[in-house]
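Letter by letter, the chains look like this.
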Amino acid sequence: MRKLKLAVMISGSGTNLQAIIDACNAPEYPAEIMVVISNRPTAKGLERARQSGLTAVCIDHTEYENRADFEAELHTRLKENEVELVCLAGFMRLLGADFVSRWKDRMINIHPSLLPSYKGLHTHERAIEDGAKFGGCTLHFVRPEMDDGPIIMQAAVPITPDDTEQSLIQRVLVQEHIIYTAGIRMIAEGRVRVSGRKCVFKDTNWPETNLISPTP
Ligand code: GAR
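Residues numbered from 1 in each chain as written. Predicted model: local features only at pLDDT ≥ 70, side-chain atom pairs only at ≥ 80, totals over all residues. Heavy atoms only, no water.

K.L.:
Before we go on, may I ask you to explain the pattern of salt bridges in this structure?
P.N.:
Side chains that differ in sign of charge can pair as their charged atoms come close. Enumeration according to the criterion identifies eleven salt bridges in this entry. In this structure, Arg67 engages Glu71 in a salt bridge whose closest nitrogen and oxygen atoms are separated by 3.8 Å. Of this pair, Arg67 and Glu71 both sit in helix α3 (residues 67-80), four residues apart, roughly one helical turn. When the shortest N-O distance is used, the salt bridge between Glu189 and Arg191 registers 2.9 Å. Overall, the relative accessible area of 38% leaves Glu189 in the partly exposed class. On the basis of relative accessibility, which here comes to 12%, the residue Arg191 falls in the buried class. Three or more residues are tied together by salt bridges with common partners; here these are Arg185, Glu189, Arg191 and Glu208. (Salt bridge = Lys/Arg side-chain N within 4 Å of Asp/Glu carboxyl O. Helix = DSSP H or I, 4+ residues; strand = E, 2+ residues; numbered from the N terminus. Buried < 20%, exposed > 50% of the residue type's maximum accessible area, 1.4 Å probe, protein only.)

K.L.:
Looking at this structure, how should I read the site of the ligand?
P.N.:
The full set of residues close to the ligand is Ser13, Gly14, Thr15, Asn16, Gly90, Met92, Ile110, His111, Pro112, Asp147, Leu173 and Glu176. The separation between an oxygen atom of the ligand and a polar main-chain atom of Gly14 is 2.7 Å. Here an oxygen atom of the ligand sits 2.9 Å away from a polar atom, N or O, in the side chain of Glu176. Here the ligand loses 85% of its free accessible area of 450 Å² to cover by the protein chains. Here the ligand is seated within the largest pocket. Put simply, the parts of the chain that give the shell around the ligand at least two residues each are α1 (15-24), β5 (107-111) and α6 (165-188). A breakdown of the residues in the shell around the ligand according to their chemical character gives four nonpolar, six polar and two charged. (Near = heavy atom within 4 Å. Polar contact = N/O pair within 3.5 Å; in protein donor to acceptor, adjacent residues only side chain to side chain. Areas by Shrake-Rupley, 256 points an atom, 1.4 Å probe, with all protein chains shown as cover. 1 Å grid on protein atoms, 1.4 Å probe; cavity = no way out; pocket = protein on both sides within 12 Å on 5 of 7 lines; lining within 4 Å. Sits in = over half its atoms within 2 Å of the grid points. Nonpolar A, V, L, I, M, F, W, Y, C, P; charged D, E, K, R; others polar.)

K.L.:
How should the environment of Arg193 be read in this particular structure?
P.N.:
Take Arg193: it is sitting in strand β8 (residues 192-195). For the pair Arg193 and Gln51, spaced 142 residues apart in sequence, the C-alpha separation works out to 34 Å. Every residue in contact with Arg193, bar those within four places of it in the chain, is listed here: Lys198, Cys199 and Val200. (Contact = heavy atoms within 4.5 Å.)

K.L.:
Help me understand the packing of α1 against helix α2 (residues 44-51), please; the structure alone is not making it clear to me.
P.N.:
For any two helices packed against each other, the geometry comes down to the angle between their axes and how far apart the axes lie. For the pair α1 and α2, the least separation of the axes is 9 Å and the interaxial angle reads 15 degrees. Classified by the interaxial angle, the pair formed by α1 and α2 is roughly parallel. Crossing of α1 against α2: the hand is right-handed. On α2, the residues that touch Thr15, Leu17, Gln18 and Ile21 of α1 are Gly45, Arg48 and Ala49. Classifying every residue of the contact of α1 with α2 by side-chain character gives three nonpolar, three polar and one charged. (Axes fitted to C-alpha atoms, helices over the stretch in contact; angles between N-to-C directions. Parallel < 35°, antiparallel > 145°, perpendicular 65-115°, else oblique. Left-handed = near helix turned anticlockwise from the far one by under 90°.)

K.L.:
I keep staring at the pairing of strand β7 (residues 151-158) and nothing clicks. Help me out?
P.N.:
The side chains of a regular strand alternate, residue by residue, between the two faces of the sheet. Pairing between strand β6 (residues 134-141) and β7: seven bridges, direction antiparallel. Note that in β7 the partner of Leu139 across the bridge is Met153. Sheet topology note: the β7/strand β10 (residues 210-212) ladder contains three bridges and is parallel. Bridging from a neighbouring strand, Ala156 pairs with Ile212 of β10. (Pairing = 2+ DSSP bridges.)

K.L.:
I would appreciate a short explanation of the sheet that holds strand β3 (residues 56-58) in the present structure.
P.N.:
Where strands meet in a sheet, backbone hydrogen bonds hold them as pairs that are either parallel or antiparallel. Here eight strands make up an open sheet; going across it, the order is β3-β2-β1-β4-β5-β6-β7-β10 and the pairing mixed. Looking at the sheet topology across the chains shown, the edges are occupied by β3 and β10. For this sheet, the mean inter-axis angle between neighbouring strands, taken without regard to orientation, is 20 degrees. With four bridges connecting them, strand β1 (residues 4-10) and strand β4 (residues 85-88) associate as parallel partners. What sits directly across from Leu6, in β4, is Leu85.

As far as function goes, none of this settles anything; it's purely spatial.
Next comes the structure, spelled out in structure tokens:
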């Protein structure tokens, strides 16, 4: 089976990375990780990658004069590893318009809110403070504006009166892992195409892209 060649880019713990590693370990999963890149040397995800025998590199942004040089190095590493799809998984560094356009429709990101609500940081804390009734996560193609781009999948979870930021983070993370690995599969199977600001799907029933947990 032909497998889609992935890079996973991280900055921290790497639980989404772990979910992608686990999915790729199944022989019938249509994608494989070519390289894991962190911009932070202390990211726990680097350790996860090495433990799984993957190529894991740190490209520390603080060691570069400017963003263009940092992103040129990222691009070189991605090309060297013949990457076809870049998966941002807790990569906490804004990428410039040039880099993003080079990887247009070939770079995806997971964000811990139901976009276009709650772009940026502290999404769960803000949703709880606002009294929002649902939180969730979004898998989307990356565009130059922060947390913007065609939406591939979303999962919604109810926010309960007892929720804290930590409890919501953990509940949403479980869903992030589900939609990330399912979304990569859909892309690898050629079932997702970008049309204007949206994704269009083929051979996909709509509930596959709209998850609610727990199911009503
Ligand atoms: C995830 O919750 C992800 O959605 C978020 O960082 C966390 C990384 O967790 N990403 C963003 O906020 C990007 N805007 P992980 O390292 O355990 O996968």
